[in-house]
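Here's the letter readout for the chains.
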Amino acid sequence: MAPGEKIKAKIKKNLPVTGPQAPTIKELMRWYCLNTNTHGCRRIVVSRGRLRRLLWILFTLTAVALIFWQCALLVISFYTVSVSIKIHFQKLDFPAVTICNINPYKYSAVRDLLADLEQETRGALKTLYGFSEIKSRKRRDTESWSSVWEGTRPKFLNLVPLLAFKEGEMGKARDFLTGRKRKVSGSIIRKESDVMNVHESKEVVGFQLCSNDTSNCAVYTFSSGVNAIQEWYKLHYMNIMAQVSLEKKINMSYSAEELLVTCFFDGVSCNARNFTLFHHPMYGNCYTFNNRQNETILSTSMGGSEYGLQVILHINEEEYNPFLVSSTGAKVIIHRQDEYPFVEDVGTEIETAMATSIGMHLTESFKLSEPYSQCTEDGSDVPVENIYKAAYSLKICLHSCFQTKMVEKCGCAQYSQPLPPAANYCNYQQHPNWMYCYYQLHQAFVREELGCQSVCREACSFKEWTLTTSLAQWPSEVSEKWLLSVLTWDQGLQIKKKLNKTDLAKLLIFYKDLNQRSIMENPANSIEMLLSNFGGQLGLWMSCSIVCVIEIIEVFFIDSLSIIARQQWQKAKQWWAQRQAPPCPEAPPSPQGQDNPVLDIDDDLPTFTSALHLPPAPGTQVPGTPPPKYNTLRLERAFSNQLTDTQVPAEF
């Protein structure tokens, strides 16, 4: 090899390796890892310790595998030219349907229980309005109104007296029992609306409720005598029925065979065995269709009236209580199988001699719980005991809260709601002032003073059926004769008279279509979105990735803390060593600065000439210049083989 090539090879060996000039693949990879912007590869080379190097190898290989996987999916999706169409048909579960007669109990069965109350109600009507008889009720015995109060002392009017007030004279009222005016003490609460008044009444009717000691009283007035009489009658009615056993009340109400005349569902005949008894305190025996009998829920395969529920109801108007209800028909409510049917709140009334068609559209709602909203999943986190044997809902929570407060404040439960554990319904014998307590508590509940509205929360998921109701005259005049005759023959064992169209009502409930609407809440900012936003900002402004973030954590946190801890450890060791070492004698301080006597203190700065005149320091010796070593001036041999004519003779 030429001398020049040798020198070039030696220079290349000592210079740093750059790119393809590396002699081996290993050196090339090392150069790449040291100079690349891919942080993971660089950390593999510069990391100290096998564990760190192994972790960086795992991080880098995992990131590379994820990149290849995502890129492969993107490429496959890009080059795919086929189209997929999915058509999904489903059967919608049919909801539970609860049907109640507006009249809770047959009048012939409860007439003896309500005889005294009805007699006093007629007497109050005669005193106020001068009614002499009720001509529209053939089944009721006519009696002379002049003999209403003869022989007996009214007890219901004594407990809760009915009063008539003239406009502008609210301090005085005419008593229904005596017909005389008397002073009225206590607060007066108007039950009519303050926003809308249809007409200005010259006389208002109300009743007075007092506590046990009669010192606290309240008078509740109504703009219409009809509302006052019905509210007064309802209070005494609840008091009487609260003392009747459940079994007896079920027997006094309508059976399924008496209420249901015909039944069809999804084109198939059904009967009373497909309905489940549900006893409501204010509506008597109600019957629920599709109430998850045998753990099965019926479904419908198509929309339209032909594929829903069709029933004909026997209302039997002659058995209606004249003072408790003032309309005829039935109430129907559509709900989930595990939901309590609040007939009195959200029930739809069905009119007699009419065909009522109810088209349904299902909407499912799913809300997010905390921290997005204050809804509850199942009510377990709500501090109110669920007294209903049904799934949680806001309405159940409010009614349960009020009933619990009723038991705490009044000592008994309100009749129209279920009983809490170890509680009894209110009645005069055990709780004489329960009416006054109930009205006061109800006023506080409406004003949101009981705290129920602040404690109860909405359910996170619920189903709601949007109803579209239409009416048609039924039966028609041309078909009335034969249709009523056939229905009378079919019901021959249950009724003993010919049916009248005013005693019947037809009900059709169906899905308008099988489409359901789902309303779902999704978080606007998820953890994936947060990481994507962070990654976008770091990549845009600092060209960082997740591997770069891990590298920053390693260097600025782990390594920095290790260095600081090591420095503190060294300082602690030095402090401990100094504390353990024996004390040394102190050396006399050496004169420094202006304390040095050899220095001539002068205000001006010293110059070169003045510096030469300074006296030498005492006890010091200026070192002299050593003599040169002449043997160092000899020439070294430049060649290994010295020429003979240039050799130096030996010295003797």
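So, how was this worked out
Residues numbered from 1 in each chain as written. Predicted model: local features only at pLDDT ≥ 70, side-chain atom pairs only at ≥ 80, totals over all residues. Heavy atoms only, no water. pLDDT = per-residue confidence, 0-100. Contact = heavy atoms within 4.5 Å. Buried < 20%, exposed > 50% of the residue type's maximum accessible area, 1.4 Å probe, protein only. Helix = DSSP H or I, 4+ residues; strand = E, 2+ residues; numbered from the N terminus. Pairing = 2+ DSSP bridges. Arc of directions from axis to C-beta. Disulfide = S-S within 2.5 Å. Salt bridge = Lys/Arg side-chain N within 4 Å of Asp/Glu carboxyl O. Axes fitted to C-alpha atoms, helices over the stretch in contact; angles between N-to-C directions. Parallel < 35°, antiparallel > 145°, perpendicular 65-115°, else oblique. Left-handed = near helix turned anticlockwise from the far one by under 90°. Nonpolar A, V, L, I, M, F, W, Y, C, P; charged D, E, K, R; others polar. Expected span 1.5 Å × (residues − 1). Phe/Tyr/Trp six-rings, centres within 6.5 Å; stacked < 30°, edge-to-face > 60°. Lys NZ or Arg CZ within 6 Å of the ring centre and 35° of its normal.

## Here's the deal with the confidence of the model for the protein chain
A residue-level look at the protein chain finds 71% of positions with pLDDT of 70 or above and a mean pLDDT of 78. Note on residues 133–149: pLDDT under 50 across the span, and 40 contacts to partners over four residues away in sequence or across chains. Contacts for the low-pLDDT stretch residues 193–199, under 50 throughout, to residues beyond four places or in other chains number zero contacts.

## Digging into the pairing of strand 7 (residues 203–210)
Counting buried positions along strand 7 yields six of eight residues, so the element is predominantly enclosed. Strand direction decides the pairing type here: strand 3 (residues 162–166) and strand 7, joined by five bridges, are antiparallel. Of the residues in strand 7, the one forming a bridge with leucine 163 is glycine 206. Note that strand 7 and strand 8 (residues 217–222) share six bridges and pair antiparallel.

## Some thoughts on helix 15 (residues 480–490)
The set of residues buried in helix 15 consists of Leu483, Leu484, Leu487 and Thr488. End-on, the buried residues of helix 15 take up no more than an arc of 130 degrees, which puts them together on one face. Of the exposed residues in helix 15, those oriented more than 90 degrees away from the buried face are Lys481, Trp482 and Trp489.

## Digging into the state of the cysteines
Scanning the entire structure with this criterion turns up seven disulfides. A sulfur-sulfur separation of 2.0 Å characterises the disulfide bridge that pairs cysteine 401 with cysteine 452. Residues cysteine 401 and cysteine 452 share a disulfide whose torsion about the S-S bond is about -75 degrees; that sign makes it left-handed. Pair noted here: cysteine 401 is in helix 12 (residues 394–410) and cysteine 452 is in helix 14 (residues 452–455), with a separation of 51 residues, a long-range link. With respect to burial, cysteine 401 and cysteine 452 carry one shared label: buried.

## What to know about the pattern of salt bridges
Two side chains of opposite charge can pair, provided their charged atoms sit close to one another. Tallied over the entire structure, the rule returns ten salt bridges. Between lysine 501 and glutamate 480 there is a salt bridge, and its shortest N-O distance comes to 3.8 Å. Here glutamate 480 lies in helix 15 and lysine 501 lies in the loop between helix 15 and strand 19 (504–511), a separation of 21 residues in the sequence.

## With respect to the packing of helix 12 against helix 13 (residues 434–446)
Packing of helix 12 against helix 13 brings their axes to within 10 Å, and their N-to-C directions diverge by 135 degrees. Here helix 12 is positioned oblique relative to helix 13, judged by the angle of their axes. Judged by the sense of rotation from one axis to the other, the crossing of helix 12 with helix 13 is right-handed. Counting all contacts with helix 12, which are made through Leu398, Phe402, Lys405, Met406, Lys409 and Cys410, the residues of helix 13 involved are Trp434, Cys437, Tyr438, Leu441, His442 and Phe445. Partitioned by chemical class, the residues of the contact of helix 12 with helix 13 number nine nonpolar, one polar and two charged.

## Re helix 8 (residues 225–241)
An ideal rise of 1.5 Å per residue puts 24 Å on 17 residues; helix 8 measures up with 24 Å between its terminal C-alpha atoms. Counting buried positions along helix 8 gives twelve out of 17 residues, so the element sits mostly inside the fold.

## Let's talk about the sheet that holds strand 11 (residues 275–280)
Here we have five strands laid out as an open sheet, ordered 11-12-2-15-16, and antiparallel in their pairing. Lying at the two open borders of the sheet, with one neighbouring strand each, are strand 11 and strand 16 (348–350). Averaged over all pairs of adjacent strands, the angle between strand axes in this sheet comes to 30 degrees, irrespective of strand direction. For strand 15 (residues 330–335) and strand 16, the ladder comprises three bridges, and the chain directions are antiparallel. Bridge pairing in strand 16 places lysine 331 opposite glutamate 349.

## Side note on the pairing of strand 15
The buried count for strand 15 comes to six of six residues, which makes it a mostly enclosed element. Residues Ala330, Val332 and Ile334 point to one face of strand 15 and Lys331, Ile333 and His335 to the other, with burial holding for every one of them. Strand direction decides the pairing type here: strand 2 (residues 96–101) and strand 15, joined by six bridges, are antiparallel. Bridging from a neighbouring strand, alanine 96 pairs with histidine 335 of strand 15.

## Looking at the packing of aromatic side chains
Using the criterion set out here, one finds 20 aromatic pairs in the structure. Aromatic side chains phenylalanine 342 and tyrosine 388 sit 5.5 Å apart centroid to centroid with 55 degrees between the ring planes, which places their arrangement in the tilted category. With a gap of 46 residues between them, phenylalanine 342 in the loop between strand 15 and helix 11 (343–346) and tyrosine 388 in the loop between strand 17 (354–366) and helix 12 connect regions that are remote in the sequence. Among the residues examined, phenylalanine 342 registers a relative accessible area of 4% and is labelled buried. When the centroid spacing of 6.4 Å and the interplanar angle of 50 degrees are considered together, the rings of tryptophan 434 and tyrosine 438 count as tilted. Here tryptophan 434 pairs with tyrosine 438, and both are found in helix 13, just four residues apart, close to one helical turn. This pair shows no difference in class: tryptophan 434 is buried, exactly as tyrosine 438 is. Here the aromatic cluster, defined as three or more aromatic residues joined through ring pairs, consists of Phe207, Tyr220, Phe222, Phe402, Trp434, Tyr438, Tyr439 and Phe445. The ring centre of phenylalanine 342 lies 6.0 Å from the NZ or CZ of lysine 395, which sits over that ring.

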